[in-house]
Amino acid sequence: MLLRSFSCLLVLFVATAPLVALAQDEVTPAQRARDALIVKTLQRLPGVDLSQKPEAKAALLRHLATIAGSDEFLVLVDKFQLRDTKDELLRLAREQSDSTLGVKAAGLLVKFGEQELLAKAIADPDPAKGAKLITALGLLSDAQTNDLLAPLVHSAEQPLAIRAAAVAAIGRNAPGQKWLLETVEAKKLAADLSFAAANVLLASPDDAIRSAAGKHLSLPAGAGGEPLPPIAELVKRSGDAARGQQLFATTGTCAKCHKVRGEGKDVGPDLSEIGTKLSPEALYLSILDPSAGVSFDYESWLLRTLDGTVLTGIIVSQTEDVVTLKTAEAIVHQIARDDIEQMKKSPQSIMPADLQKQLKAQDLVDIVAYLATLKKQS
Ligand code: HEC
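A. Expanded view of the nonpolar core. Counting residues in hydrophobic clusters, the biggest one holds 87 residues, and the most contacted among them are Leu64, Leu89, Ile122, Ile134, Leu149, Leu201 and Leu371. The dominant element in this core, judged by the number of residues it contributes, is helix H10 (residues 160-170), at eight residues. One finds Ile315, Val323, Ile335 and Ile340 within the second-largest nonpolar core, a separate group that totals seven residues.

B. Main features of the layout of surface pockets. Computed from the structure, the second largest pocket encloses a volume of approximately 290 Å³. Contributing to the lining of the second largest pocket are 16 residues, with Pro159, Leu160, Glu299, Lys345 and Pro347 lying nearest its centre. Going through the elements one at a time, H10 and strand S5 (340-346) are the ones with two or more residues in the lining of the second largest pocket. Per-element accounting of the lining of the second largest pocket gives the leading share, three residues, to H10. A class-by-class count of the residues in the lining of the second largest pocket yields eight nonpolar, four polar and four charged. Residue-level mapping places the lining of the second largest pocket at the junction of two domains, with at least three residues from each of domain 2 (84-218) and domain 4 (296-346).

C. Molecular detail of the confidence of the model for the protein chain. For the protein chain, the mean per-residue pLDDT works out to 90, and 93% of the residues sit at or above 70. Low pLDDT, under 50, characterises residues 1-18; the predicted model gives this stretch eleven contacts beyond four residues in sequence or across chains.

D. Seen up close, the pairing of strand S3 (residues 322-326). Burial analysis of S3 places four of its five residues in the buried class, which makes it a mostly covered element. Hairpin remark: strand S2 (residues 310-318) followed by S3, antiparallel, with three residues in the connecting loop. Where S3 lies against strand S4 (residues 332-336), five bridges are found, and the strand directions are antiparallel. Along S4, the bridge assignment pairs Val322 with Ala336.

E. Geometry of helix H5 (residues 86-95). By the burial criterion, the buried members of H5 are Glu88, Leu89, Leu90, Leu92 and Ala93. For H5, the elements touching its buried residues are helix H4 (71-79), helix H6 (100-111), helix H7 (115-122) and helix H8 (127-139).

F. Quick peek at the coordination of the iron atom of the ligand. Every protein donor of the iron atom of the ligand is accounted for by His258 (NE2) and Met351 (SD), and the metal-donor separations fall at 2.0 to 2.1 Å. Here the iron atom of the ligand binds six donor atoms, and the angle range of 84 to 179 degrees at the metal identifies the geometry as octahedral. One end of the pair, His258, is in the loop between helix H15 (241-249) and helix H16 (274-277); the other, Met351, is in the loop between S5 and helix H18 (361-372), with 93 residues separating them in the sequence.

Procedures and definitions
All chains use their own residue numbering, which begins from 1 and follows the written sequence. Per-residue local features of the predicted model are confined to residues with pLDDT of at least 70, and side-chain atom pairs are confined, for both listing and counting, to 80 or more; whole-chain, interface and lining totals are unaffected and use all residues. In computing side-chain properties, one takes all heavy atoms of the structure into account and sets aside hydrogens as well as water. In this text, buried Ala, Val, Leu, Ile, Met, Phe, Trp, Tyr and Cys residues form a nonpolar core when linked through side-chain atoms within 4.5 Å. Think of it in three bands: with a 1.4 Å probe and only protein chains considered, a residue is buried below 20% of the maximum accessible area for its type, exposed above 50%, and partly exposed in between. Secondary structure follows DSSP: runs of H or I at least 4 residues long count as helices, runs of E at least 2 residues long count as strands, and numbering of each begins at the N terminus. Cavity means a closed set of points on a 1 Å grid over the protein atoms alone, one where a 1.4 Å probe fits but cannot get out, pocket means an open set with protein on both sides within 12 Å along at least 5 of 7 lines, and lining means a residue has an atom within 4 Å of a point. Grid points are joined across faces, edges and corners, and a volume is the space filled by probe spheres set on the points. Note that Gly is not counted as nonpolar here; it falls among the polar residues with everything else outside the nonpolar set of Ala, Val, Leu, Ile, Met, Phe, Trp, Tyr, Cys and Pro and the charged set of Asp, Glu, Lys and Arg. The split into domains, and so the bounds of each, comes from an automatic or database assignment of domains. Residue-level confidence of the predictor, termed pLDDT, takes values from 0 up to 100. Only heavy atoms matter for contacts: two residues are in contact if any of them lie within 4.5 Å across the pair. Note on pairing: two strands pair once DSSP finds at least 2 bridges between them. Because no water is among the atoms considered, metal sites can look incomplete, with donors defined as N, O and S atoms within 2.8 Å of the metal, or 3.2 Å for Na, K and Ca. Here a site with four donors is tetrahedral if all angles are between 85 and 135 degrees, and a site with four or six donors is square planar or octahedral if opposite donors are over 155 degrees apart and the other angles are between 65 and 115; anything else gets the irregular label.

See the structure below:
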């Protein structure tokens, strides 16, 4: 009797043991080889019920800890319905939101019914993190996720980054496009989501959706007044990176705010490794809809002094006495707290939303081709 309840406890413990508890260095190479063999055998057996096989499950979890973040990890989690790997799945979905691995991880969380966990993770204090998870969910192109994301589109409390990511995600599946179009037609879409909605609806494979959306929405015009094609179209074109580098420093005005390998001003983030951080699609989005992607460190603020001066820019630092603000022109102002009448966060990025006005579609393609070459040097 005692033995039975003990083994029951053991089963319970193994079933709920978090992956992290299985530190790799506790496992000897011989054990590791044995575990891999057990896992191989398990995979061959049809209809294995792991709840009846605590030792096999322990071997499987130990094996998983050694291959976390790989495709095999996801295959095993799926095959054996290992719901207790959800934290690792969430990490993958967030950190690799636009790769097959991250999207598959997000798919497993949906499959396991982890909607509550997903909603909580989307509500992360850093909207950029929440938006990444939404991107992974969108790339699943599974209408099931629309129920989770649609309320975000309408929630005025959500930051633009989250609402815009939700529009983009919903717009990746056919029922979602229909819902978005109806929302637009009913004039229920917030104005700051126009770009996100136009970008998906005007790229719809469905002619009827494209033409109905065209009555309400348009994409911003490039140089010469021609509306730019949707991003889905731009990413298919090939660009000339050398020409893009020139445009970055000249017509594009990008170097007025961004440093690349030591050149340029540092109002916005250094872009020396941006090709590693962002996919071409995300690069276009950063340029065409900058306010939808403002990261924590670059929020823009509006500051009014007692004498009526209004400054907008990024807060570089603040002390009890002084606030240091950098404007879009890279001018640094130090303002005594005593002189400040009002300090307000602005929802607009200080990166101008109309940079593309100076650029033809091909110029933009060339700039993105250039940015995509800026990879981390290892
Ligand atoms: C007036 C300043 C300014 C100009 C001009 C400007 N940017 Fe930016 N850019 C910013 C700021 C500030 C951010 C960070 C906050 C945000 O995303 O809005 C940013 C963000 C970005 C990002 C995202 C970076 C990241 O790490 O996620 C990219 C990519 C980018 N800019 C590219 C460009 C390109 C290409 C141009 C020229 C066509 C350009 N920027 C022009 C200020 C500027």
